[in-house]
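# Structural characterization, general
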Amino acid sequence: MEDEAEIFEGLRSQFPLSFGKQSKSETPLELIHNATRRATAAATTSTAVNSDKPSASTSSDKANAFPSLSSSSKGWLDSLKNSNPRNPKKKAKEDELIGPPRPPASSEEDGPAIIGPPRPPPGSGVVDEDDEPVIGPPRPRPGGDGEDDDDEPIVGPPRPPPGRMESDSDEDMDEEDEDSGYRIPLSNEIVLKGHTKVVSALAVDHTGSRVLSGSYDYMVRMYDFQGMNSRLQSFRQLEPFEGHQIRGLSWSPTADRFLCVTGSAQAKIYDRDGLTLGEFVKGDMYIRDLKNTKGHISGLTCGEWHPKAKETILTSSEDGSLRIWDVNDFKSQKQVIKPKLSRPGRVPVTTCTWDREGKRIAGGIGDGSIQVWNIKAGWGSRPDIYVSNGHTDDITGLKFSSDGLTLLSRSFDGSLKVWDLRQMKEALHVFDDLPNHYAQTNIAFSPDEQLFLTGTSVERESTTGGLLCIYDRAKLELVSRVGISPTYSVVQCAWHPRLNQIFATVGDRHEGGTHILYDPTISERGALVCVARAPRKQSVDDFQAQPVIHNPHALPLFRDQPSRKRQREKILKDPLKSHKPELPINGPGHGGRVGSTKGSLLTQYLLKQGGLIKETWMEEDPREAILKYADVAAKDPKFIAPAYAQTQPETVFAKSDSEDEEK
């Protein structure tokens, strides 16, 4: 035990004292939020705060700029810095001086010389009683670096308490609302990375603690704000269907399960931790009537969970149907909806959505029509609202307002249309010049539904990049264009009501991510939690020495067999080891081998050279060549005749029997 303790102490001495300790982040929140501050917001704040300084570097402005000052606080600081209305030039010069001001040159006309530092200039905030001479240096001006005593009179509005980012008074709130008009969280930004292609699906649960992002790289990534640190890494990634893009994600009303819609014909249900609960059945593609199939027969385009019922979901597909499913029965759907078509055939349903109460369904059809169905007793596929020429191209997104009076639609034709559900013949307003190249581009409302927003795609010759366009619902006018990425398109967007943070997914063919816009003054939890959490430090217990195992007598089964490809090629080139027969040589011989012109064998070559072989068979008659040996065979028999010389000296031949021949 003592030896182990000595070894541990020796190992521990190699690490610093702070190694392995869970210390809190020493970086103040002000610096953390400055690091995540958007470039446009930082420039605006630094300009507002330091507008009176004639010369200051950009880096110092960003460092000195408080990360989340409200507009009322900025105006108050400006009023303090311009507190000398009589002589602003003299005031600016005094700001440049370091230390107490120099005494003025004495003259006989001015009377007796002033002893001690001069009186503070008018407007400096110091009140003299009965014009008594001030002894000592002047008091610091309000807004300076000096510390104020409690007994001193305060000139102007009181300072905000330290660490307070927002004024508590109702007047300041009213002034801020009058200045900006809207409280949009745009000052700070973080990016959730990890995808290798454009992020086409987004879902934030109702509590705002978990975020799902799906991409064209076939993966779904899960982020948890409560367990995530400043590295912003996902805690789990899924691949629902190999080789199929993610086209939709939706949480259940209780946020214990979520729906995943891919390019395949089957939707999947996962639990909160990413474990598969089941997948819906695929229909028979050879049945023509879609109402007789048990499921979709083509790729899905959109899907959404019922806003109230936790067992009901809605999906749309390229097969031209919408289906309502029960998550407790994966074998068959509850309802099949076939939209009304202007021409016969199968037209894909590109998007679908529920209203807030789950009593209406809206679908965007591939022919540009918008159809709405009211869920009631005995309802069928006949739409209650039918707009034949809603858009000139495929519809990518639909969104109901919570009051059920407004419907927003987004399309490939580069427009966003606002519809009044009470009068659907014509759109209330059409917003153009919104390029859209992705079938998942959607629309989202603000928490109070005074604003709605959508993203734009990047065009080849465009210099604006991917934008997030925010519109006023009442005035039907553009409020702001927020630049999200200079090179990536903005596809999905969401404004979470509890977090008061804006989510926007971006990407292209090579990379994708989710941008989260927030403001420390008005946003809650979410990005604020994980940005301020430092990564976990490495502990001594995390140190693992990689052991080296020596086992020279291991079985051949467990040995790493080297590659024998080169060895086999070398053996094939060797004629002896490969036992390869020699190929005949055409032409004269070489290398000790006889050519084929004078015989391929050595014996043939020698006999021909010695004259023992004479090729005369081509010039002689075969019959004569055989008969010339008849006399020799009769006079000097060698083989058959000597064997029968004693037993049968006279040759006896068989006589032919005509009867046997006839038979």
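Residues numbered from 1 in each chain as written. Predicted model: local features only at pLDDT ≥ 70, side-chain atom pairs only at ≥ 80, totals over all residues. Heavy atoms only, no water.

A word on the sheet that holds strand β9 (residues 276-279). One open sheet accounts for four strands, arranged β6-β7-β8-β9; its pairing is antiparallel. Bordering the open sheet on either side are β6 (246-251) and β9, each of which pairs with just one other strand. When the angles between neighbouring strand axes are averaged without regard to direction, this sheet yields 20°. Alignment of β6 against strand β7 (residues 257-262), held across five bridges, turns out to be antiparallel. Bridge assignment links Gly 248 to a residue of β7, and that residue is Val 261. (Pairing = 2+ DSSP bridges. Helix = DSSP H or I, 4+ residues; strand = E, 2+ residues; numbered from the N terminus. Axes fitted to C-alpha atoms, helices over the stretch in contact; angles between N-to-C directions.)

On to unusual backbone geometry. Excluding glycine, most residues fall at negative phi; most peptide bonds, likewise, are trans. Look at Asn 500: it is not a glycine, yet its phi comes out positive at around 55°. We classify Asn 500 as buried; its relative accessible area is 16%. Its identity as a non-glycine residue notwithstanding, Arg 525 has a phi of 45°, on the positive side. As for its position among the elements, Arg 525 is in the loop between β28 (512-518) and α8 (527-531). Since its relative accessible area comes to 39%, Arg 525 is described here as partly exposed. (Buried < 20%, exposed > 50% of the residue type's maximum accessible area, 1.4 Å probe, protein only.)

Let us now look at the nonpolar core. Counting residues in each nonpolar core, the largest one holds 18 residues, and the members touching the most others are Ile 190, Val 211, Phe 225, Met 228, Phe 503, Ile 516 and Cys 530. The set of elements that each furnish at least two residues to this core consists of β1 (188-195), β2 (199-204), β28 and α8. The element best represented in this core is α8, accounting for four residues. Discounting residues that sit within four places of it in the chain, Cys 530 has contacts with Ile 190, Phe 225, Met 228, Asn 229, Ser 230 and Leu 232. The next biggest cluster of nonpolar side chains, apart from the first, holds 17 residues, and it includes Leu 453, Ile 470, Tyr 488 and Cys 493. (Core = buried A, V, L, I, M, F, W, Y, C linked by side-chain atoms within 4.5 Å. Contact = heavy atoms within 4.5 Å.)

This paragraph deals with a nonpolar patch on the surface. Together, Phe 639, Ile 640 and Tyr 644 make up a nonpolar patch on the protein surface, roughly 420 Å² of accessible area in all. Relative to the helices and strands, Phe 639 resides in the loop between α13 (630-635) and α14 (658-662). We classify Phe 639 as exposed; its relative accessible area is 72%. (Patch = residues over 30% accessible without salt bridge, like charges linked within 9 Å, V, L, I, M, F, W, Y side chains within 5 Å. Areas by Shrake-Rupley, 256 points an atom, 1.4 Å probe, with all protein chains shown as cover. Salt bridge = Lys/Arg side-chain N within 4 Å of Asp/Glu carboxyl O.)

Pairing is antiparallel across the open sheet formed by four strands, whose spatial order is β14-β15-β16-β17. Of all strands in the sheet, those with a lone pairing partner are β14 (349-354) and β17 (385-387), marking the two edges. Ignoring strand direction, the axes of neighbouring strands in this sheet form an average angle of 15°. Where β14 lies against strand β15 (residues 360-365), five bridges are found, and the strand directions are antiparallel. Looking at the pairing, Cys 352 lines up with Gly 363 of β15.

With that out of the way, let us pick up the pattern of salt bridges. For the coordinates displayed, the defined rule picks out 12 salt bridges. As a salt-bridge pair, Asp 273 and Arg 210 come within 3.2 Å of each other at their nearest N and O atoms. Residue Asp 273 is found in the loop between β8 (268-271) and β9, and its partner Arg 210 is found in strand β3 (residues 210-215); the two are separated by 63 residues along the sequence. The exposure class of Arg 210 is buried, given its relative accessible area of 13%.

What follows is about the packing of aromatic side chains. Under the defined criterion, the tally for this structure stands at 10 aromatic pairs. Aromatic side chains Phe 445 and Phe 452 sit 6.3 Å apart centroid to centroid with 75° between the ring planes, which places their arrangement in the edge-to-face category. Using a relative accessible area of 1% as the deciding quantity, one classes Phe 452 as buried. Centroid distance Phe 452 to Tyr 471: 5.6 Å. Interplanar angle 25°. Geometry classified as stacked. With Phe 452 in strand β23 (residues 451-455) and Tyr 471 in strand β24 (residues 466-472), the pair connects residues that are 19 residues apart, well separated along the chain. Put simply, the rings of Phe 431, Phe 445, Phe 452 and Tyr 471 touch in pairs and so form one group of aromatic residues. (Phe/Tyr/Trp six-rings, centres within 6.5 Å; stacked < 30°, edge-to-face > 60°.)

Bringing the pairing of strand β19 (residues 406-411) into the picture now. For β19, the tally of buried residues reaches six of six residues, placing the bulk of the element in the interior. The alternating pattern of β19 places Thr 406, Leu 408 and Arg 410 and Leu 407, Ser 409 and Ser 411 on opposite faces, both of which are buried. Across five bridges, strand β18 (residues 395-400) lies against β19 in antiparallel orientation. Counterpart to Ile 395 in the pairing with β19 is Ser 411. Adjacent in sequence and paired antiparallel, β18 and β19 are bridged by five residues, among which Gly 404 carries a positive phi angle near 75°. Two elements, β19 and strand β20 (residues 416-420), share five bridges in a ladder whose sense is antiparallel. Bridge assignment links Thr 406 to a residue of β20, and that residue is Asp 420.

Just distances and angles here, no functional claims.
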